[in-house]
Amino acid sequence: MKKIRVLVVDDSALVRSLLAEIINRQKDMECVGTANDPLIAREMIRELNPDVITLDIEMPRMDGIDFLGRLMRLRPMPVVMISTLTERGAEVTMKALELGAVDFVAKPRIGVADGLSELSTQIVEKVRIAAAAHIKRAVAVAPFTATAAGAPATARAPVVSIGRVSTEKLICIGASTGGTEAIKEILTRLPADSPGIVITQHMPAGFTTSFAARLNSLCQITVQEAVNGERILPGHAYIAPGGKQFRVDRSGANYVAVVEDGELVNRHKPSVEVLFKSAASVVGRNAFGVMLTGMGNDGAKAMREMKDAGSYNFVQDEASCIVFGMPREAILHGAADEVLPLTAIAPALIAKLSSATDRYRV
C-alpha cells in the first residue's frame, strides 16, 4: 500500500515531534521530514516531493501565509494549516483557506502536547482528505483585512437584481472541506434582494465569526452568524456558529433561526443534516437546496427529504469540487435536480428565482 507522504512545517520542535509521531502511527501515512521554517521547507519539498504538508502560521523568516501564497501559485499541493485558536488565528486561517489550503486544525494555545494528542484523530483524517483533494493553482486575491460587520474591505462585484420574490423562499446551503471558498463564490454573486439564506459549513467554534465577517465585507447581502430566535430576513445569509447545531423553524409567518448545543449528527456539529431536515419539514416546496464540496455524506439523506417535500436542489459537480464526497452522496440519494459547476450555481439560482412561476408560487 502506498503511504501518504507528509512534510511537517512548524517552528516548535515539540509540535514537529508530536505531529511526526501521530502521522507515523498510521499504517497509511509517514512523516518524510520536518522543517522549522518555510525556507527550509521549500528545499525539502523539492527533495522529498511530499503528498501533503502540515503548515504552521507564525514562523521565523517567512510566515505560513506568505509561504502558502507562493506555494499555491508556483507548486500547488495539499496543505493542512495548524492554526492557533485565537481571534487573530481565526482571521488568518480564513485567509489560508482563501489561498488554497484544504483544511485546518485548531492548535491549542496551552497544553499543546495533550491538546495535539486529543486532536490526533482529526489531524490524520484531515491529512487523508487533503491527500485526495483536487488542488487548483491559486489566483491573486484581495488583501485580507478583518473588518467590522458591514464595513467593505474590497469593491463589491455588480450582480443582477432578482426582482420581487416571495418572502416564503429560503436558500439552504451545506458544505464541508473546501466549502469556505465555494460559499463565497455563490454569495458574492447574489443580489441584495435575494431570499433569506441559511448555511451550514463544517467549522469549529471560534472561526465562524471571522468567516461571516469576511463574507459580509464582500457581498451585497448581509452575512452574519446565526443567533438563536432571530428572524431570518430576505437579503441576509445566516451561518451556523461553529460547535452548535443550526436549524430553521417558524414563528407565525416568519422563519426563525434555532441555534442550540445539540448532539453530534453524522459526527458533525454543526451538521448539514440538521439544517436540511428542518428545511424539509418547515420550508418544503419554497426551499432551494445547495450541496457543495465536502467529505462524507452529511446532509445527503436530508437533502432527499427536501426534494420529496418539493424543494429544488443544486449539487456541485465533481470537476469543481475540492472533495466530491457530500455532493456524490446527495446525487446517489436522488436529491439533485441539477448538478452544476460551482460558478454556474448562483446564476442558476437567480434564474430560477426570477422566473414568473417561482416568483409567485408560495
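That block above? That's the structure.
The rules behind these values
Residue numbering note: each chain is counted from 1, following its sequence as written. For this predicted model, a pLDDT threshold of at least 70 governs which residues receive local features, and a threshold of 80 or more governs which side-chain atom pairs are given and counted, while totals over whole chains, interfaces and linings are taken from all residues. Heavy atoms from the whole structure form the basis of all side-chain values; hydrogens and water molecules are not counted. Strands are runs of DSSP state E lasting at least two residues, helices are runs of H or I lasting at least four, and both sets are numbered from the N terminus onward. Any pair of residues with heavy atoms lying within 4.5 Å of one another is described as a contacting pair. Pairing between two strands requires that DSSP report at least two bridges joining them. What counts as an axis is a line fitted to C-alpha atoms, over the stretch in contact for a helix, and the angles between N-to-C directions run from 0 to 180 degrees. Planes of paired rings set the category: under 30 degrees apart is stacked, over 60 is edge-to-face and the rest tilted, where pairs are Phe, Tyr or Trp rings (Trp by its six-membered ring) whose centres lie within 6.5 Å. Buried residues are those whose accessible area, probed at 1.4 Å on protein chains only, stays under 20% of the maximum for their type, while exposed residues exceed 50% and partly exposed ones sit between those limits. The term polar contact refers here to a pair of N or O atoms within 3.5 Å; inside protein, the definition further demands a hydrogen-donor-capable atom paired with an acceptor-capable atom, and it admits residues adjacent in sequence only when both atoms are side-chain atoms. Counted as salt bridges are all cases of a side-chain nitrogen of Lys or Arg within 4 Å of a carboxyl oxygen of Asp or Glu. Look down the strands so they point away from you; if going from the first strand over the helix to the second traces a clockwise path, that crossover is right-handed.

Enquirer: Help me understand the environment of Lys2 in this model?
Expert: With respect to the element layout, Lys2 can be found in the segment before strand 1 (4-9). With near-sequence residues (within four places) excluded, Lys2 lies in contact with Asp28 and Asp51.

Enquirer: Even after reading the chapter, I still don't get the sheet that holds strand 7 (residues 196-201), so can you show me in this structure?
Expert: Strand pairing within a sheet occurs via backbone hydrogen bonds; the two strands may be parallel or antiparallel. In spatial order, the strands read 8-9-7-6-12-13-14; together these seven strands make up an open sheet with parallel pairing. Two strands lie at the open edges of the sheet, namely strand 8 (222-225) and strand 14 (338-340), each paired on one side alone. Neighbour-to-neighbour, the strand axes of this sheet turn through a mean angle of 20°, independent of strand direction. Bridge count between strand 7 and strand 9 (residues 236-239): three bridges; the pairing is parallel. Bridged to Ile199 within strand 9 is Ile239. Along the sheet, helix 7 (residues 179-187) makes contact with strand 6 (170-175), strand 7, strand 8, strand 9, strand 12 (287-291) and strand 13 (312-316), crossing strand 7 at roughly 170°. Along the sheet, helix 8 (residues 208-218) makes contact with strand 7, strand 8 and strand 9, crossing strand 8 at roughly 175°.

Enquirer: For this particular structure, what's the right way to read the packing of aromatic side chains?
Expert: Geometry of an aromatic ring pair is reported as the spacing of the ring centres plus the angle between the planes. In this structure the tally under the stated criterion is two aromatic pairs. Taken together, a centroid distance of 4.5 Å and an interplanar angle of 40° make the contact between Phe104 and Phe207 tilted. In this pair, Phe104 sits in strand 5 (residues 103-107) while Phe207 sits in the loop between strand 7 and helix 8, placing the two residues 103 residues apart along the sequence. Residues Phe104 and Phe207 agree in their burial class; the two are buried.

Enquirer: What's the story with the side chain of Asn216 in this structure? I'm lost.
Expert: By secondary structure assignment, the location of Asn216 is in helix 8. At 2.9 Å, the side chain of Asn216 and the backbone nitrogen of Val223 are in polar contact.

Enquirer: Explain the pattern of salt bridges to me, please; I cannot follow it from the model alone.
Expert: Between side chains of opposite charge, pairing is possible as soon as their charged atoms come close. Across all of its chains, the model carries 19 salt bridges by this definition. Where Asp37 meets Arg61, a salt bridge forms, and the shortest distance between an N and an O atom there is 3.0 Å. Of this pair, Asp37 sits in the loop between strand 2 (29-35) and helix 2 (38-48) while Arg61 sits in the loop between strand 3 (52-56) and helix 3 (64-74); the two residues are 24 residues apart in sequence, bridging distant segments of the chain. Judged by its relative accessible area of 60%, Arg61 falls in the exposed class. With a closest N to O distance of 3.0 Å, Lys184 and Glu181 form a salt bridge.

Enquirer: Is there a simple way to think about the pairing of strand 4 (residues 79-84) in this case?
Expert: Looking along a regular strand, one sees side chains alternate from face to face of the sheet. Across the six residues of strand 4, five count as buried, placing the element largely inside the fold. Of the pairings in the sheet, the one linking strand 3 to strand 4 comprises four bridges and is parallel in character. Looking at the pairing, Ile53 lines up with Val79 of strand 4. Once you follow strand 3 into helix 3 and on to strand 4, the crossover reads as right-handed. Here strand 4 runs beside strand 5; their pairing, made up of five bridges, is parallel. Bridging across to strand 5, Ile82 finds its partner in Val105.

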